[in-house]
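If you want the building blocks of each chain, they are given just below.
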Amino acid sequence: MIWIIQQISIYILCYLFICLLIGSILFLIWKILCKKMEEKGFVRLNYGLLKIVILFFLIPFPIVILRTVLWDGITFLVNDRIGNFAICMVGIWGIGFGISIWKSKRKERVFLDICQSGKTCREWISKQALELMEKFEIHNSVSVEYNPFVQTPMVYGIRNPKVLLPTEEYTTDQLKIILLHELTHIKHKDIFWKLLCRMILLIYWFYPLKRQIFKAVNEWSEVYCDFSVINETGSKKGYFKTIYDIMIHQFQFQEYICAGIGECNLERRILIAKNIKRMNTEKWIIGFILSICFILFGGISVVTAMESMQLGYRILDRNTSEEIVVDGTPEIMNLKLHDRDNNEFEISRIKYLQSSDAIYNIDKIEAKERLETKWIYLRKGRKVFFKMYAYDTTNESTKNRKLRAGIIDYSKHIKYVENNEEIAYIFKIPKNGKYRCYVYNCSDFKTQLLGEIEILND
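Worth saying up front: this structure is predicted, and the values here are computed from it rather than measured.

**A closer look at helix H3 (residues 61-68)**
Here is step 1 of the chain: For H3, the full list of buried residues reads Pro62, Ile63 and Leu66. Buried residues in H3, looked at end-on, bunch into an arc of 100 degrees, giving them a common side.

**Let's talk about the environment of glutamate 331**
Here is step 1 of the chain: Among the structural elements, glutamate 331 can be located in the loop between helix H11 (281-320) and strand S6 (338-340).
Here is step 2 of the chain: Among the residues examined, glutamate 331 registers a relative accessible area of 56% and is labelled exposed.
Here is step 3 of the chain: A C-alpha to C-alpha distance of 7.7 Å links glutamate 331 and tyrosine 425, two positions 94 residues apart in sequence.
Here is step 4 of the chain: Those residues in contact with glutamate 331, other than ones at most four positions away along the chain, are Phe385, Lys387 and Ala424.

**Things to note about the pairing of strand S2 (residues 143-146)**
Here is step 1 of the chain: Alignment of strand S1 (residues 119-120) against S2, held across 2 bridges, turns out to be antiparallel. Counterpart to threonine 120 in the pairing with S2 is glutamate 145.
Here is step 2 of the chain: In this sheet, strand S4 (residues 162-165) lies alongside S2 in parallel orientation, the contact comprising 4 bridges. Within S4, the residue paired with glutamate 145 across the bridge is leucine 164.

**A short note on the side chain of asparagine 147**
Here is step 1 of the chain: Assignment of secondary structure puts asparagine 147 in the loop between S2 and strand S3 (154-156).
Here is step 2 of the chain: Classification of asparagine 147 as buried rests on a relative accessible area of 0%.
Here is step 3 of the chain: Within the structure, the side chain of asparagine 147 is placed 2.8 Å from the backbone nitrogen of phenylalanine 149, a separation counted as a polar contact.
Here is step 4 of the chain: Each residue touching asparagine 147, except ones within four places of it in the same chain, is listed here: Ile114, Cys115, Ser117, Gly118, Leu164, Leu165, Pro166 and Thr167.

**Considerations on unusual backbone geometry**
Of all residues except glycine, most have a negative phi; of all peptide bonds, most are trans.
Here is step 1 of the chain: Look at lysine 189: it is not a glycine, yet its phi comes out positive at around 55 degrees.
Here is step 2 of the chain: Mapped onto the elements, lysine 189 comes out in the loop between helix H6 (172-187) and helix H7 (190-203).
Here is step 3 of the chain: Unlike most non-glycine residues, lysine 412 shows phi in positive territory, near 70 degrees.
Here is step 4 of the chain: Here lysine 412 shows up in the loop between strand S12 (403-409) and strand S13 (414-419).

**Observations concerning the packing of aromatic side chains**
Here is step 1 of the chain: One pass over the structure, following the stated rule, counts 15 aromatic pairs.
Here is step 2 of the chain: An angle of 70 degrees between the planes, with centres 5.1 Å apart, marks the rings of phenylalanine 56 and phenylalanine 61 as edge-to-face.
Here is step 3 of the chain: A relative accessible area of 17% places phenylalanine 56 in the buried class.
Here is step 4 of the chain: Take phenylalanine 61: its relative accessible area is 32%, and that puts it in the partly exposed class.
Here is step 5 of the chain: Between the aromatic rings of phenylalanine 192 and tryptophan 193, the centroid separation amounts to 5.6 Å while the plane-to-plane angle is 75 degrees, which identifies the pairing as edge-to-face.
Here is step 6 of the chain: An aromatic cluster is present here, built from Phe57, Tyr204, Trp205, Phe206 and Tyr207 joined pairwise through their rings.
Here is step 7 of the chain: Residue placement shows arginine 370 over the ring face of tyrosine 438; its charged tip is 5.0 Å from the ring centre.

Parameters and conventions
- Numbering of residues begins from 1 in every chain and follows the order in which that chain's sequence is written.
- This being a predicted model, a pLDDT of at least 70 is required before a residue's local features are given, and a value of 80 or more before pairs of side-chain atoms are given or counted; all residues contribute to the totals for chains, interfaces and linings.
- Remark: hydrogens and water are excluded; side-chain values derive from all non-hydrogen atoms of the structure.
- For every residue, the accessible area obtained with a 1.4 Å probe (protein chains only) is divided by the maximum for its type, and the residue is called buried under 20%, exposed over 50%, and partly exposed between those limits.
- The secondary structure listing takes helices from DSSP runs of H or I that are at least 4 residues long and strands from runs of E that are at least 2 residues long, numbered from the N terminus.
- Each direction from the helix axis to a C-beta atom contributes to the arc, which is the arc of those directions.
- Should any heavy atoms of two residues lie within 4.5 Å, those residues are considered in contact.
- Any two strands with at least two DSSP bridges between them are considered paired.
- Counted as a polar contact is a pair of N or O atoms within 3.5 Å, where, for protein atoms, one must be capable of donating a hydrogen and the other of accepting one, and residues adjacent in sequence contribute only when both atoms are in side chains.
- Classification of ring pairs uses Phe, Tyr and Trp, with its six-membered ring standing for Trp, and accepts pairs whose centres are within 6.5 Å; under 30 degrees between planes counts as stacked, over 60 as edge-to-face, and the remaining range as tilted.
- Comment: the charge-over-ring label is applied if NZ (Lys) or CZ (Arg) is within 6 Å of the ring centre and within 35 degrees of the ring normal.

In structure tokens form, the structure reads like this:
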């Protein structure tokens, strides 16, 4: 049971570490490119790349790749020191995570009570909202309500979003812009992306830059909304004048999962809007180059982070594992070494051995069965020691029994030795790479084995 808890804790700790590392690097790259994209008016591109950054904070695909594609037999391996440390760290994180959720739910409850205290708006307003929804192809069930507790128009909710309007009178033009703005938030699914940002705030409660990420999403969701509505209305001046008239009161729900017309700094939004111009060939080329730079630097960061984690975990495992001392010098039998470029053995099934501090203990083996280790990263010059003895309680003759033991590299090249009853042999690793160690029962009957495979220290 404790081993399972240690394994789960290691995965959680690795998830937190590598997602936070990669997400932070991508966020810093985005911040650098953001200034250039802002100058050129690349609103949609800027917001799109920011969404990619958010996903890297939350989706543990580097862990999946390390565990399935690049598995080296060591990364995520459990030993007592790493496992106990992981349990302690995950315990501390879990306490902070629980407190963050409790505080968030407590505040959210008050906010939801406010949002649910509205009244249905006038029929002509609902009719205008329905017309705009049909025009923008918004298929959600959206309701428009008056709410005496909100000071500026806003939208909240993902499945059944609501547009909340203050109990004030607006002109027809003002109302059109308000509804356009809030319905555009729904079309862009900005509430969903803010929900993901809220998850980042809760999961990485200890992270000093988490507020900056939330602030960036708030800002660029509004800027992208401005961009879309301006394209629809065709007037920057009229649009921002309407927002200015509405923004008499400060928007009071910035950190909740909602979006409002006056949520972010209006002056900055106007400055960004000034840079929005029609796309031409030069701007398309610049936008393409900036996208390639983000993908290139981001890809290098992801690969480097995963490789660094593999290397770091191997070093950590080596330095924290208790060394197993083998008494005496390994006895080496005079066996003939065989080479094959591919697997030609008649194998009925393969089972994988579990490692314990680089010692792979062997108990029994079925007829035509091969026992293998997982892929192990080994450096040139390392040695793999096979020592095993075959016996059984049947009347089968020893000469009818045959064992093979060897190593397989990543290109499926095999080196092996074979003997009837006993094998004791050291394989020297010819080059850096990933290897499997295996034992194969060539016999037609089950055999009992006593032995082990050991990765010898340099």
